[in-house]
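One-letter residues, chain by chain:
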Amino acid sequence: MASASYHISNLLEKMTSSDKDFRFMATNDLMSELQKDSIKLDDDSERKVVKMILKLLEDKNGEVQNLAVKCLGPLVSKVKEYQVETIVDTLCTNMLADKEQLRDISSIGLKTVIGELPPASSGSALAASVCKKITGRLTSAIAKQEDVSVQLEALDIMADMLCRLVCVLHCLTVGVCSPLSDCWCVCVCSPLSDCWCVCSPLSDCWSEPRLVCVLHCLTAGVCVLHCLTAGLDPSWCVCIIPLVVKFCNIDDDELREYCIQAFESFVRRCPKEVYPHVGTVISICLKYLTYDPNYNYDDEDEDENAMDADGADEDYQGSDDEYSDDDDMSWKVRRAAAKCLDAVVSTRHEMLPEFYRTVSPALIARFKEREENVKADVFHAYLSLLKQTRPAQSWLGMSDISPSLRVLLQVPMIVKALHKQMKEKSVKTRQCCFNMLTELVNVLPGALTQHIPVLVPGIIFSLNDKSSSSNLKIDALSCLYVVLCNHQPQVFHPHNSHSPTMFYLSALVPPVVACVGDPFYKITSEALLVSQQLVKVIRPLDQPERDTFDASPYITDLFTCTIKRLKAADIDQEVKERAISCMGQIICNLGDSLGDDLPGTLHIFLERLKNEITRLTTVKALTLIAGSTLKIDLRPILDEAVPILASFLRKNQRALKLSTLAALDILVKNYSDSVTPAMIDAVLAELPPLISESDMHVSQMVISFLTTLARVHPLSLAKIGGSSILSELISLVRSPLLQGGALSAMLEFFQALVGTGTSSLGYMDLLRMLTGPVYAQSAALTHKQSYYSIAKCVAALTRACPDVGSLFCQFIQDVKNSRSTDSIRLLALLSLGEVGHHVDLSGQPELKTVILDAFSSSSEEVKSAASYALGSIAVGNLPEYLPFVLGEISGQPKRQYLLLHSLKEIISSASVTGLKLYVEGVWTLLLKHCECAEEGTRNVVAECLGKLTLIDPETLLPRLKGYLLSGSSYARSSVVTAVKFTISDHPQTIDPLLKNCIGDFLKTLEDPDLNVRRVALVTFNSAAHNKPSLIRDLLDTVLPHLYNETKVRKELIREVEMGPFKHTVDDGLDIRKAAFECMYTLLDSCLDRLDIFEFLNHVEDGLKDHYDIKMLTFLMLARLSTLCPSAVLQRLDRLVEPLRATCTTKVKANSVKQEFEKQDELKRSAMRAVVALLTIPEAEKSPLMSEFQSQISSNPELAAIFENIQRDSSSANMESMDTS
């Protein structure tokens, strides 16, 4: 330290030299020393350094002054707090000096000091004390100072503090209000939290420059509003917005710009509070969007039709030069208006129809804007409008015309406005046009059907223009690709010999071909993609009129440019892949016209198949070619290609395996005559390792391939009986994971296999393989699903071999036999059920008795299987079995639950026609049991009632509604639960009827019975998830009751004594969980109908609730961070604290293992929410969030969890990109 002090003393001495170079070098050396982390100054050195730096601020040499200012930054972090206050005092005093140069350098110095102050979250009080001092001095100076430039500088510094330091806002409340009470209006936003003061002059004596700077302060204040207020009082908007509206009428462009920027900040940061004023904001923006006093657009419109394309371009450029005026600031006002409209459109989803009525025509009319930057913002605003429309469903429309239809109605206006812009010399303008057309077609496929002839010349212009940049060509090609993909091929085909479309199609191919030959790989890649789509348009194979259009003029050009890229080895990877895909499409659609070029091209594919880098793309191209309806001759490469494809099945690349299996399947299906047994054997040898429950998708593809083999090459499967393929398949059948598509593929395979008539693979052989482990007493299967899968396979075999009636008798005997194990009975019953579903088993006289006897088994699984079997068998012969089941339900009270499950199976699986005869009898029977005290029975009855209602909704739905008046809470809960089973995610005849009366069912949310309210929430959740249109219009009345159920009720919490221990039971937990589940569902289906701030209030409560509810609310926070970032940002400080509490909670040392596991899972879920919150822009500026981040970093356990989740999140994003 002594040596450092000595060195600094020498530097300070040199700073007093009369030689300016000495002073400069000494100051530069001092700055280098101050920037070192290791330097420590004693009190005396601190005082001397501070005194000297402040003295140098008044140096006569400007370079020395600048260096002195730069020294202030590192100096602030090296000296004690009182020295920093000395620096600030001196700088504030100098701000009032007579010398303008000293005032300027002091102003820069203050900004430098403010920029280096430690954040409030670090725990330092320095920022608060310094800001308080600066605020006091500067507000006093503003009040007393007559010089406007000094006041502007002071306000600018305060705006800087406002943006950088949250704590300054409290200081402003204290420091600004008092000295400026005569001429400032102070509006306090939140009396419950840190106060936000917005200072806006009211007195007419304030000059316009001062208004400009104050509005600048106001804008900065709104930008950090979310960091300050926990609950905003909406009254502040009432005060501020009329004030800003008033300023807009003052004839000063800079002031108007700041006013509209303030509106934009209000709209983005305070969407709820500003909602009543949105109409006013839109009106002002629309007014100033066209504010261009120095230019007459009418003259341009009159001349437009009199000019040819080239002349128009030249004249338009000339008009830019003529009206380019350095003093014209009106363009800034128009730009601010466009950006503000962009903000409104992006944040008010529910106003889409209104936007298309008012905002959309105004924006389209401004596509002709003369200032390029303003024009780009106008385009961006319209793009935002289109993006808001893209995810919208028809139910988002507030009127008879949906937003999508409104877009369609305005397409002619859009095309007319873009037509001239697409031939502008400005690259940026043309790029905006292409982005606009791309988004328009994505939002509304086919929208440009009538306008293709008008737009194609503009695209060709950019592709042929030698002055076009690479990015412009890429955008033009991307736009063309999207247009080709989203319109019917006939749109581009000539309807007669004089059709202009013929010209445009022939004009499109040459520039695209030229782009394929472009030296820049990105242009080449995009052009190959367009070429591939052009081939589909020129000759669409999936349409009967494909040969009515002569494609021959285009084949040579497209083939030549693509084959050149296909042969090249020294090109970019992306170009290689696109060339392979494009050539695959050419062969698929035009292969019959390639003649002698085809074999050579196929051999190039064979070479690319051997290359590790290009093999995956080549496999996909070969799959395309093999599936072509043109029956392309692949014999030249088949002998060599199939073994190569077989070898790919052992590669450790999942995508390659899947693509290869698809290719082999189509090759075997379409080229069975050319595929030899040797080729098939090579493939079969690679299959056993692929059949595994670890990857069901790959297994399903293998099974589908084997099914194809069984149908077209039955002899090839003779060898699989002795190979491991069949044993792996049998093992897969026993897997509990075999469900859905994989199970369906397995059933098809067994039916195809038994149909081949292969020896050793007959019906009985396969049956023994499937059921053998069950009949071997020591090998009972561990999972119930395995028995269901085996039974379905047995049924599939039986349907394929209808002449095996003796099998039924064997299964019946297995159920009857007292020595049969439960496993054997279980399989026999399930097999009888699966077979009886498709085959009439009424010819087995003892079947009913055997199944009913099984209801008395000691095994619950056997009883459940017997119930399923009875219902499934009844589906095969309703007249025989349904009356029997109904009679048993009435006469056997002890077996009611199982018999009702049988009835449920009948109602779920039988045909509507067959059931209609029995509806009345079944309905009457079910109503007798809907008041059963056993909840499980009531749930089964409710499901039966709901599914029965779907058969005759006009008659049964009103009856169901009538039972809401029942005095039994059990009956009411059954009826409401029944409604849940009438709702599905696909259209049904009951939907219009249900929409009219679902409100009556949801009124049970006010029911006095807790259980009725809970099932009402479950039904509401089902509707919100599967068919939101049913409940959207009811949300205003339903949501208050929903939110009411999220509250913890003390009267529902009780203590239960368990021996020496007391256990707390919360009877309201289930209904709270149901309520929060509804809230989560509403985020996806009805977001635009939610008051998001009210919603966040209840999410915040949930963060402090029970474990299960915390887990739900953490998920909600993650969703909200994506869906409503600005709203979450305003509540961030209130949301962080519960997250911190969860992450820092410690489990008692003597707790059970489950408690530790639950707490770990809670931490991980909370941390996922934190990671999601941090994706919101500016979230890190929140002091509490910054503090929490520091706490996470300092805790090794939390830091590890945080890093893992961030890594997983990045990996998931990358994987989704790969998949797409």
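Not measured: the values here are computed from a predicted model.

Caption draft 1: Region of the structure containing a nonpolar patch on the surface. Together, Leu-405, Leu-408 and Leu-409 give the surface a local cluster of nonpolar side chains, amounting to about 270 Å² of exposed area. On the secondary structure map, Leu-408 appears in helix H20 (residues 403-421).

Caption draft 2: Local environment of helix H21 (residues 427-443). Over its 17 residues, H21 runs 24 Å from end to end, which matches the ideal 24 Å to within 8%, given 1.5 Å per residue. In terms of residue burial, H21 counts as a mostly covered element, since 13 of its 17 residues are buried. Put simply, Ser-426 is the residue that caps the front of H21, since its side-chain oxygen is 3.5 Å from the backbone nitrogen of Lys-428.

Caption draft 3: Structural context of the packing of helix H28 (residues 597-609) against helix H30 (residues 635-648). At a minimum axis distance of 10 Å, the contact between H28 and H30 shows a crossing angle of 20°. As far as their axial angle goes, H30 and H28 are roughly parallel. At the point where H28 passes H30, the crossing takes the left-handed sense. Here H28 contributes Leu-602, His-603, Leu-606 and Leu-609 to the contact with H30, which in turn contributes Pro-636, Ile-637, Glu-640, Ala-641, Ile-644, Leu-645 and Phe-648. Broken down by class, the residue content of the contact of H28 with H30 amounts to 9 nonpolar, 1 polar and 1 charged.

Caption draft 4: Geometry of the pattern of salt bridges. If you walk through the whole model with that rule in mind, you get 53 salt bridges. Here Glu-880 ties to Lys-848 by a salt bridge, and the two come within 2.7 Å at their closest N and O atoms. Of this pair, Glu-880 sits in helix H42 (residues 878-891) while Lys-848 sits in helix H40 (residues 847-854), and the two are 32 residues apart along the sequence. Where salt bridges share partners, they join Asp-292, Arg-334, Arg-366, Glu-369 and Arg-370 into one cluster.

Caption draft 5: View of unusual backbone geometry. Positive phi, normally seen in glycine, also occurs at Lys-631, with a value near 55°. Relative accessible area serves as the criterion here: at 54%, Lys-631 is assigned to the exposed category.

Caption draft 6: Expanded view of the pairing of strand S4 (residues 1061-1066). Pairing analysis gives 6 bridges linking strand S3 (residues 1053-1058) to S4, with the strands arranged antiparallel. In the sheet register, Ile-1053 faces S4, and the bridge partner there is Asp-1066. The hairpin turn running from S3 into S4, its antiparallel successor, is 2 residues long, and Gly-1059 in that turn takes a positive phi close to 65°.

Caption draft 7: A look at the nonpolar core. Membership of the largest hydrophobic core comes to 343 residues, with the highest contact counts inside it found for Leu-687 and Ile-1031. In contact with Leu-687, other than residues within four places in its own chain, are Leu-649, Leu-661, Val-702, Phe-705, Leu-706 and Ile-725. One finds Ala-26, Ala-68, Leu-91 and Met-161 within the second-largest nonpolar core, a separate group that totals 49 residues.

Caption draft 8: Molecular detail of the packing of aromatic side chains. Counted under the stated rule, the structure contains 6 aromatic pairs. For the pair Phe-367 and Tyr-382, a centre-to-centre distance of 5.8 Å together with 80° between the ring planes defines the contact as edge-to-face. Here the residue Phe-367 occupies a position in the loop between helix H18 (352-365) and helix H19 (372-389), and Tyr-382 occupies one in helix H19, the gap between them amounting to 15 residues. The residues Phe-367 and Tyr-382 share a single accessibility class, namely buried. By way of ring pairs, the aromatic residues Phe-367, Phe-379 and Tyr-382 are connected into one cluster. Sitting over the ring of Tyr-881, Lys-848 keeps its end group 5.4 Å from the ring centre.

Caption draft 9: Region of the structure containing the packing of helix H12 (residues 253-269) against helix H17 (residues 330-347). Contact geometry for H12 and H17: axes closest at 9 Å, N-to-C directions at 10°. Between H12 and H17, the crossing angle belongs to the class labelled roughly parallel. Its residues assigned to classes, the contact of H12 with H17 shows 9 nonpolar, 4 polar and 9 charged.

Caption draft 10: Local environment of the side chain of Ser-872. Its location among the elements puts Ser-872 in helix H41 (residues 860-876). Relative accessible area serves as the criterion here: at 0%, Ser-872 is assigned to the buried category.

Criteria and thresholds
Residues numbered from 1 in each chain as written. Predicted model: local features only at pLDDT ≥ 70, side-chain atom pairs only at ≥ 80, totals over all residues. Heavy atoms only, no water. Patch = residues over 30% accessible without salt bridge, like charges linked within 9 Å, V, L, I, M, F, W, Y side chains within 5 Å. Areas by Shrake-Rupley, 256 points an atom, 1.4 Å probe, with all protein chains shown as cover. Salt bridge = Lys/Arg side-chain N within 4 Å of Asp/Glu carboxyl O. Helix = DSSP H or I, 4+ residues; strand = E, 2+ residues; numbered from the N terminus. Expected span 1.5 Å × (residues − 1). Buried < 20%, exposed > 50% of the residue type's maximum accessible area, 1.4 Å probe, protein only. Polar contact = N/O pair within 3.5 Å; in protein donor to acceptor, adjacent residues only side chain to side chain. Axes fitted to C-alpha atoms, helices over the stretch in contact; angles between N-to-C directions. Parallel < 35°, antiparallel > 145°, perpendicular 65-115°, else oblique. Left-handed = near helix turned anticlockwise from the far one by under 90°. Contact = heavy atoms within 4.5 Å. Nonpolar A, V, L, I, M, F, W, Y, C, P; charged D, E, K, R; others polar. Pairing = 2+ DSSP bridges. Core = buried A, V, L, I, M, F, W, Y, C linked by side-chain atoms within 4.5 Å. Phe/Tyr/Trp six-rings, centres within 6.5 Å; stacked < 30°, edge-to-face > 60°. Lys NZ or Arg CZ within 6 Å of the ring centre and 35° of its normal.

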